[in-house]
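Working through the structure, step by step
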Amino acid sequence: MKYKELPMIIDLRSDTVTKPTEGMLQAIIKAPTGDDVYKEDPTVNKLEHRFAEMFGMDTALFFPTGSMSNQAAIKLHTQPGDQLICDKWAHVYNYEAGGVAFNSGVTCNLIDGHRGMMTASAIEKGISPISNYHTPNTTLVCLENTTNKGGGACYDFEEFKKVRNLCDHYGLGLHLDGARLMNALIAKKEDPNNYGKIFDTISVCLSKGLGTPLGTILLGNNDLMSRAIRVRKILGGAMRQAGFMAAAGLYALDHHVERLSEDHQKASEIAHTLQKLPYIKKVEPTETNIVIFNLIDEISNDRFIKDMLHKNLQISDMGQGKLRMVTHLDYTPEMHRIVLDVLANYEY
Ligand SMILES: *Cc1c(COP(=O)(O)O)cnc(C)c1O
């Protein structure tokens with residue numbers, strides 16, 4: 001078959017596997033830079049300013065990774081011994097190496113949500129009663145949009161408003177892990193400014209669908225964010241000529257946001273193909289660029305992953321029987337045709 005002759009590896013494990021495009025490389029090379037530890041890098045300052053404007057928030061701060069940005073936000077909102085509320089699938093709980101406990105001395109009250117999303121009423125049930133000094137003090141709610149383990153699901157904006165009211169009522173901080181927030185903005189045609197009005201802090205990754213080599217922006221208002229630069233320093237995230245990477249971020253804002261709809265389209269086509277196949281037990285609804293599916297019991301995930309690898313297709317295992325494919329900038333229409341063909345013709 002044709003795909004077997006192609007040496008090309010199709011990597012759908014994550015949207016983080018992309019390489020900078022030629023245009024992005026040019027932007028990186030030409031970036032004016034300075035020492036960002038002195039806040040003298042004009043390109044970092046420009047990127048931070050642009051994000052703050054976009055979200056209508058006071059401050060944006062450039063971080064090397066999304067985990068560090070989330071961890072810094074959690075530190076800003078909590079004291080050791082506090083508890084945060086997040087979905088049982090949340091990245092901050094599952095994929096940040098226990099940093100919540102390590103960095104902030106905080107426990108997580110895990111909510112059994114729907115596809116990584118929590119309702120305001122479920123969150124309310126998870127808040128510790130203030131009158132009870134035996135229980136950990138709930139101080140923060142962390143939401144994720146789009147959800148990673150939930151298969152790129154997007155919240156309904158009305159739910160955010162309810163959660164905001166709840167947080168106001170109980171005096172809780174509200175953080176958004178928006179690693180793939182741009183995907184949600186495009187899929188739901190939402191305005192980032194509305195997010196700035198709801199959340200106290202927002203973390204947005206540049207290295208996922210936006211295709212930069214690294215970088216995440218943490219947004220917030222001055223009251224909280226005045227301490228963020230110190231927390232970033234403590235976590236080891238103060239960088240010098242970071243403008244080279246900020247330039248990639250600026251380039252991505254100009255060139256890689258609108259095109260996310262192409263990734264969404266391809267993901268939806270993969271999901272559609274999978275749904276019809278006899279070896280598939282379940283495919284999660286696919287709203288953005290992540291396809292999560294389960295195989296029928298007769299096939300093990302390990303075997304399927306190996307079989308796909310033999311056909312030069314890389315996918316990931318998300319645990320609990322879930323397999324994941326993520327579409328991205330480097331996933332071409334040609335690769336897409338091959339993938340649909342490999343999946344449709346898989347013999348188990
Ligand atoms: C990728 C991701 C992050 C950040 O991960 P890093 O690899 O540290 O940049 C945070 N939250 C979610 C939901 C993610 O998918």
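Placed above this text is the structure.
A short tour of the structure in this document, coming up.

Right, let's get into the overall build of the chain. Looking only at helices and strands, the chain features 16 helices and 13 strands. For a compact globule of 348 residues, the expected C-alpha radius of gyration is about 20 Å, and the chain comes in at 21 Å, within 12% of that figure. Counting only C-alpha atoms, the chain reaches 60 × 55 × 35 Å along its principal axes. A separation of at least 24 residues holds for 75% of the contacts in the chain among residues at least 6 apart in sequence. Just so you have it, the chain exposes about 15,000 Å², and 53% of that area is on carbon and sulfur atoms. Computed over 37 positive and 42 negative side-chain charges, the inter-centroid distance for the chain is 2 Å.

With that settled, the discussion passes to the sheet that holds strand β4 (residues 107–111). A sheet is described by the order of its strands in space; here seven strands give the open sequence β2-β8-β7-β6-β5-β3-β4, paired in mixed fashion. At either margin of the open sheet sits one strand with a lone partner, and together these are β2 (59–63) and β4. Between one strand axis and the next, the sheet turns by 20 degrees as a mean value, whatever way the strands run. By the bridge criterion, five bridges tie strand β7 (residues 201–205) to strand β8 (residues 216–220) in an arrangement that is antiparallel. From the neighbouring strand, Ser203 faces β8, where its bridge partner is Leu218. Helix-sheet contacts for helix α4 (residues 66–77) involve β2, β3 (83–87), β5 (138–144), β6 (173–178), β7 and β8, and the interaxial angle to β8 is about 20 degrees.

Here we take up helix α14 (residues 260–275). The α-helix advances 3.6 residues per turn, and as a result positions three or four apart in sequence lie on the same side. With 16 residues, α14 ought to run about 22 Å at 1.5 Å a step, and its terminal C-alpha atoms sit 23 Å apart, in line with that. Looking at the packing, one finds that the buried side of α14 touches α9 (181–188), β9 (280–283), β10 (290–295), β13 (322–326) and α16 (333–344).

Working definition: an aromatic ring pair is given by the centre-to-centre distance plus the angle between the planes. Taken as a whole and judged by the stated rule, the model has 12 aromatic pairs. Look at Phe157 and Phe160: their rings are 5.4 Å apart centre to centre, the planes differ by 90 degrees, and that puts the pair in the edge-to-face class. Here the residue Phe157 and the residue Phe160 both occupy positions in helix α8 (residues 157–170), the gap between them amounting to three residues, near one helical turn. Overall, the relative accessible area of 15% leaves Phe157 in the buried class. By the ring-pair criterion, three or more aromatic residues cluster together here, those being Tyr155, Phe157, Phe160, Tyr195 and Phe199. Geometry around Trp89 places Lys88 over its ring, the cationic atom sitting 4.7 Å from the centre. Arg232 extends its terminal NZ or CZ atom over the ring of Phe63, reaching a point 6.0 Å from the ring centre.

Thresholds applied
- Residues numbered from 1 in each chain as written.
- Predicted model: local features only at pLDDT ≥ 70, side-chain atom pairs only at ≥ 80, totals over all residues.
- Heavy atoms only, no water.
- Helix = DSSP H or I, 4+ residues; strand = E, 2+ residues; numbered from the N terminus.
- Rg over C-alpha atoms; globule rule 2.2 N^0.38 Å.
- Contact = heavy atoms within 4.5 Å.
- Areas by Shrake-Rupley, 256 points an atom, 1.4 Å probe, with all protein chains shown as cover.
- Lys, Arg positive; Asp, Glu negative; His and termini not counted.
- Charge placed at Lys NZ, Arg CZ, Asp CG, Glu CD.
- Pairing = 2+ DSSP bridges.
- Axes fitted to C-alpha atoms, helices over the stretch in contact; angles between N-to-C directions.
- Expected span 1.5 Å × (residues − 1).
- Phe/Tyr/Trp six-rings, centres within 6.5 Å; stacked < 30°, edge-to-face > 60°.
- Buried < 20%, exposed > 50% of the residue type's maximum accessible area, 1.4 Å probe, protein only.
- Lys NZ or Arg CZ within 6 Å of the ring centre and 35° of its normal.

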